[in-house]
Amino acid sequence: MGNCCSDVAGGRSAVGGASSHGGPTEGPNDAVDCFLSSRGYHGLYSHLELSLSASNLRDRDVLSKSDPMVVIYAKGRDGSLQELGRTEVVLNSLNPMWITRHTITYHFDVVQTLVFRVYDVDTPFHDQEVKMLKLDEQQFLGEATCALSEIVTKSKRSLTLDLVYREESSRSNCSRNYGQLTVRAEECVNSKTSTELILRCSDLEYKDLFSRNDPFLVISKTMESGIPIPICKTEVLKSDLNPTWKPVFLNIQQVGRKDNPLIIECFNFNSNGKHDLIGKVQKSLADLEKLHSIGQGEHLFLPTTVGNDHHNKVLKSQLFVDKFSENVQHMFLDYLAGGCELKFMVAIDFTASNGNPRLPDSLHYIDPSGRPNAYQKAILEVGEVLQFYDSDKRFPAWGFGARPIDGPVSHCFNLNGSSNYCEVEGIQGIMTAYTSALSNVSLAGPTLFGHVISAAALIASESLANNQQKYFVLLIITDGVITDLQETKDALVKASDLPLSILIVGVGGADFKEMEILDADKGDRLESSTGRVASRDIVQFVPFRDVQSGEISVVQSLLAELPSQFLSYMRTRNIYPKT
């Protein structure tokens, strides 16, 4: 994936998550993430090349076979289409294999819907460039639609789709045969080349009046326009004028060529998000490799302006490269291609603090107009992304903090009402079970996470014992602060050794300060009551109110770290993709 990582808690976890949580409780890395987001850094990605072929196309020509061409579109959430590219025209063929490949950026945290439309290009237009062809002058042969994640999760990343007519594409009972389109995706090789760097600075200048600096680095690449785009950051080190940061891992795909210039800026952290620039250097990866090989440092400089005179003040401070190594690593898509699945699970808060579900001011209110409440929206947004990575689409679903009919308060009950099994069919199955549960339980309390985390951990441990290559993702949606904080920490520390990540969405207006303690991005690693420290960070917490009105969706904020948590687990345990 196109990511930069910092070695945290013994594993490689992404830096620069998409979420930002402002306010007085903001931690050092939280403010840095907000700073990076404001400068254009968002999420993880990978470049894929799509190749296309078709079979059994309709013959629309009288004296010869069709001359087909494919137009590729990205479909927005509002149904709008954006053209991504066109293939060449293959003459006189009903089973074409197009040579033109199209590069597309794959994002794990969004559903990328693709539309492929096949046209028969008439003979008078064969001499025109394909991009100049007017499509309404060509004969339409059929179209196919899929999500990009459907392709990357298939064996050999190949997916065959039935072609339909536009007016029939929304119907599931189409019986007419217009041929098939096969889409193959290949990850660009340079996506897998990773450079590990250990960076150190010496003699940093004071920026704080009463204490030493709290420095961190931001690495940016320079676009053709000259605008720097941040691609990586280190952790913040407190009160250190000679800092050595943990390793960072730069994906060569982000940088491009080794001789492309990079800007490495050293900032002094400020809790208000206005970080002071201490100094910077501009070096390519090749330059950094040379600095490492000769063991020399590079002086930082600070841009200064006196009147209309702009110059760089060279500082005493220096940047050193203590480690520089390159290697090809197995990436997230390699595991998917090998058959590894992400298994989705959900747990919903039914405590009384949500309010009476029959009243419009309740967080559980089911609007007759069909407008989803916060719980439904979180299930839909996260579920619609993760469902493509789960082959059977049978999702464990639980509720907690409610009293089932004629029973005591339960802190982990099956959402479907069964006493024997917890799974439901598909995302719609979760939605149906959720609505039904609201009529069959009494909201109670308190808010306890430990039971549902333990239930999810049990499923993950059973899969691990059976040597299955599966990774589990538990979504917890809650309106309040947990009352079993230490028990939850104990469960999370234990679960950190399992193939499991936990996404927590906070809905409503509660103070979620304690929730952020569970997310290791906000501070130190979790520690159990027995003194055991979590082997890795497996929690991502997002307050729904902080992102619902912003440019970044809930799902992007939640899933920003998931591929890195997945890779952290696989790499630290030497688990390789199946071939």
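Structure: above.
Residues numbered from 1 in each chain as written. Predicted model: local features only at pLDDT ≥ 70, side-chain atom pairs only at ≥ 80, totals over all residues. Heavy atoms only, no water.

Considering the sheet that holds strand β4 (residues 68-75)
Within the open sheet, the four strands sit side by side as β5-β4-β7-β8. Their pairing is antiparallel. Lying at the two open borders of the sheet, with one neighbouring strand each, are β5 (81-86) and β8 (139-147). Neighbour to neighbour, the strand axes of the sheet diverge by 25 degrees on average, direction disregarded. Taken together, the eight bridges between strand β7 (residues 113-120) and β8 define a ladder with antiparallel strand orientation. (Pairing = 2+ DSSP bridges. Helix = DSSP H or I, 4+ residues; strand = E, 2+ residues; numbered from the N terminus. Axes fitted to C-alpha atoms, helices over the stretch in contact; angles between N-to-C directions.)

Some details on helix α7 (residues 426-440)
In a regular helix each residue adds 1.5 Å, so 15 residues correspond to 21 Å; α7 covers 21 Å between its end C-alpha atoms and thus fits that length. Residues of α7 that are buried include every one of Gly 426, Ile 427, Gly 429, Ile 430, Met 431, Ala 433, Tyr 434, Ala 437 and Leu 438, and no others. Contacts from the buried residues of α7 go to β19 (341-349), α6 (374-386), β20 (394-400), β23 (423-425) and β24 (441-443). (Expected span 1.5 Å × (residues − 1). Buried < 20%, exposed > 50% of the residue type's maximum accessible area, 1.4 Å probe, protein only. Contact = heavy atoms within 4.5 Å.)

A closer look at the side chain of Glu 143
Looking at the element boundaries, Glu 143 is found in strand β8. A distance of 2.7 Å separates polar atoms of two side chains, one belonging to Glu 143 and the other to Arg 117. (Polar contact = N/O pair within 3.5 Å; in protein donor to acceptor, adjacent residues only side chain to side chain.)

A closer look at the packing of aromatic side chains
In total, this model carries 17 aromatic pairs according to the counting rule given. With centroids separated by 5.3 Å and ring planes inclined at 70 degrees, the aromatic side chains of Tyr 471 and Phe 566 adopt a geometry described as edge-to-face. Separated by 95 residues along the polypeptide, Tyr 471 in strand β25 (residues 470-478) and Phe 566 in helix α13 (residues 562-572) bring together distant segments of the chain. The pair Tyr 471 / Phe 566 is uniform in exposure class, with both members buried. On the numbers, 6.1 Å between centres and 65 degrees between planes, the contact of Tyr 471 with Tyr 569 is edge-to-face. Residue Tyr 471 is found in strand β25, and its partner Tyr 569 is found in helix α13; the two are separated by 98 residues along the sequence. (Phe/Tyr/Trp six-rings, centres within 6.5 Å; stacked < 30°, edge-to-face > 60°.)

Some details on the pairing of strand β14 (residues 248-251)
Alternating residues of β14 divide into Val 248 and Leu 250 and Phe 249 and Asn 251, and every residue in both groups is buried. Bridge count between strand β11 (residues 193-202) and β14: four bridges; the pairing is antiparallel. In the sheet register, Thr 195 faces β14, and the bridge partner there is Leu 250.

So, the pattern of salt bridges
With the rule as written, the count across this model stands at 20 salt bridges. Glu 425 is the partner of Arg 394 in a salt bridge, and the nearest nitrogen-oxygen pair spans 2.3 Å. Taken together, the positions of Arg 394 in strand β20 and Glu 425 in strand β23 put the pair 31 residues apart, joining distant regions of the chain. The salt bridge involving Arg 573 is made with Asp 497; its shortest N-O contact spans 3.6 Å. Residue Arg 573 is located in the segment after α13, and its partner Asp 497 is located in the loop between α9 (485-495) and β26 (500-506); the two are separated by 76 residues in the primary sequence. The network of salt bridges with common partners includes Glu 341, Lys 343, Asp 390 and Asp 392. (Salt bridge = Lys/Arg side-chain N within 4 Å of Asp/Glu carboxyl O.)

Overview of the packing of helix α8 (residues 450-465) against α9
Between two packed helices, both the angle of their axes relative to each other and the distance between the axes serve to describe the pair. Packing of α8 against α9 brings their axes to within 9 Å, and their N-to-C directions diverge by 15 degrees. Between α8 and α9, the angle is such that the two are roughly parallel. Note on packing geometry: the crossing formed by α8 with α9 is left-handed. Two secondary-structure elements touch here, α8 through Gly 450, Ile 453, Ser 454 and Ala 457 and α9 through Thr 488, Ala 491, Leu 492 and Ala 495. When the residues that make up the contact of α8 with α9 are grouped by side-chain class, the tally is five nonpolar, three polar and no charged. (Parallel < 35°, antiparallel > 145°, perpendicular 65-115°, else oblique. Left-handed = near helix turned anticlockwise from the far one by under 90°. Nonpolar A, V, L, I, M, F, W, Y, C, P; charged D, E, K, R; others polar.)

Overview of the environment of Phe 324
Along the polypeptide, Phe 324 turns up in strand β18 (residues 309-328). Phe 324 sits in the buried class, given a relative accessible area of 10%. Sequence-distant contacts of Phe 324, that is, excluding residues within four places in its chain, are made with Thr 195, Glu 196, Leu 197, Lys 258, Leu 285, Leu 288, Glu 289 and His 292.

It is worth stressing that arrangement in space is one thing and function is another; only the former is reported here.
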